[in-house]
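Summary of structural features
Listed below are the residues making up each chain.
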Amino acid sequence: MATVPGRRAALTGLAAIAAACATSLVALPATAQAVYPDKPVRMIIAFAAGGPTDVVGRLLAPRVSEILGQQVIVENKPGATGNIGTAMVADAKPDGYTILFSASTMAMAPALYGKQLGYDPVNGLAAIAYVASAPLILLAPMDGAKSTPELVGMLRKDPGKYSYASSGNGGMIHLASYLFATRAGGDALHVPYRGSAPGMVDMIAGRHGFQIDTLQSSKGFIDGGKVRVLGVASDKRLPQLPDVPTIKEAAGFDYAINTWYAVYAPAKTPRPIIDKLNAAFNQALKQPDMVKKANELALELVDSTPEQAKKFYDDQMAFWDPIIKQSGAKPE
């Protein structure tokens with residue numbers, strides 16, 4: 001009879017063990033779900049296929065895929081100066097499976113669109129990484145200005161006589177050109193196009209006095225001897241154009257304007273996911289083939305933390321806000 005209590009104790013112990021095991025088994029799926037990523041990641045590019053932002057994003061996507069162990073699928077969602085794709089990501093579930101690859105116009109959009117923006121530019125997105133930048137260059141037709149000082153003199157002597165092309169109202173090329181003319185102490189007429197290439201063709205034909213663009217977009221025209229490179233909008237000369245002075249060197253006023261690229265997630269995305277994506281993009285930027293390609297495109301690759309990326313974005317919004325208001329630029 002003395003064995004009965006022992007059997008009861010044993011059964012009680014077995015029941016406790018079984019309950020503990022059951023609890024552990026219930027917790028397993030939650031633990032498994034916490035391993036990120038366990039499915040493909042959508043990377044929304046807020047601009048059209050083939051443009052500079054698309055080119056850079058597609059260079060990074062396969063490299064980040066390899067590092068994460070899951071495919072990064074690129075989807076182009078252009079429109080409204082990048083706002084359509086940006087708003088889509090801001091509204092997405094904050095689980096790390098929908099991210100945004102965007103460019104410098106993001107910092108201009110808040111001042112340009114105001115309440116029509118469609119998302120909260122300050123609190124609607126979480127910065128992942130600021131990945132690259134590229135200085136703009138100042139171009140002129142072959143039968144036009146031969147130097148930056150000559151172009152500055154033309155803009156000062158006949159304000160409003162000369163025009164410049166851009167890829168659209170309120171975009172980087174428009175506002176960078178406006179800022180150049182303003183800092184030069186002159187004035188010029190803005191003529192927007194649907195893309196920078198058609199404007200470049202008209203400039204080559206002598207219909208515009210100058211154009212500001214990226215080396216990436218204009219390299220074919222430069223190599224073909226179709227346009228003259230007057231200056232670089234940077235604080236130092238480009239290795240790809242060693243004989244071309246900076247605009248500050250040539251004209252004597254500060255003018256360093258970069259187009260840039262960065263990655264974002266929806267607000268409230270868990271910090272461990274942000275950190276994992278940040279590490280993946282930073283690692284992809286260091287791969288030798290990526291560095292080689294970046295040099296060809298005159299891209300400066302940037303290793304950043306999420307905090308640095310956020311501060312950079314905030315600083316850019318603060319920089320462009322008064323310029324946009326002064327220019328009177330309106331969205332198309």
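Report on the accompanying structure. (Residues numbered from 1 in each chain as written. Predicted model: local features only at pLDDT ≥ 70, side-chain atom pairs only at ≥ 80, totals over all residues. Heavy atoms only, no water.)

1. Overview of the layout of surface pockets
The space that makes up the largest pocket amounts to roughly 840 Å³. Along the walls of the largest pocket sit 36 residues, with Phe47, Pro52, Thr105, Ser167 and Gly195 positioned nearest its centre. Elements with a minimum of two residues in the lining of the largest pocket: α2 (52-68), α6 (172-183), α7 (196-204), β7 (211-214) and β9 (258-266). Among the elements that line the lining of the largest pocket, the one with the most residues is α7, at three residues. For the lining of the largest pocket, the class distribution of residues is 15 nonpolar, 18 polar and three charged. The space that makes up the second largest pocket amounts to roughly 300 Å³. As for the second largest pocket, its lining consists of 14 residues, and the residues nearest its centre are Pro135, Ser234, Lys236, Leu238 and Glu300. Here the residues of the lining of the second largest pocket are counted per class, giving six nonpolar, four polar and four charged. (1 Å grid on protein atoms, 1.4 Å probe; cavity = no way out; pocket = protein on both sides within 12 Å on 5 of 7 lines; lining within 4 Å. Points joined across faces, edges and corners; volume = space filled by probe spheres on them. Helix = DSSP H or I, 4+ residues; strand = E, 2+ residues; numbered from the N terminus. Nonpolar A, V, L, I, M, F, W, Y, C, P; charged D, E, K, R; others polar.)

2. Quick look at the packing of α2 against helix α10 (residues 271-285)
Running from amino to carboxyl end, α2 crosses α10 at an angle of 120°, the nearest separation of the two axes being 9 Å. Here α2 lies oblique to α10, going by the angle between them. In terms of crossing hand, the pair formed by α2 and α10 is right-handed. The segment α2 lies against α10, with Leu60, Arg63, Val64, Ile67 and Leu68 engaging Lys276, Leu277, Ala280, Phe281, Gln283, Ala284 and Leu285. (Axes fitted to C-alpha atoms, helices over the stretch in contact; angles between N-to-C directions. Parallel < 35°, antiparallel > 145°, perpendicular 65-115°, else oblique. Left-handed = near helix turned anticlockwise from the far one by under 90°. Contact = heavy atoms within 4.5 Å.)

3. Thoughts on empty space enclosed by the protein
Evaluation of the coordinates by the stated rule reveals one cavity of 30 Å³ or more. Quantified by volume, the largest cavity comes out at close to 30 Å³. Along its surface, the largest cavity is lined by Pro121, Val122, Leu125, Ala127, Tyr264, Lys310 and Tyr313. Contributions of two or more residues to the lining of the largest cavity are made by β4 (125-141) and α12 (306-327). Partitioning the lining of the largest cavity into residue classes produces six nonpolar, no polar and one charged.

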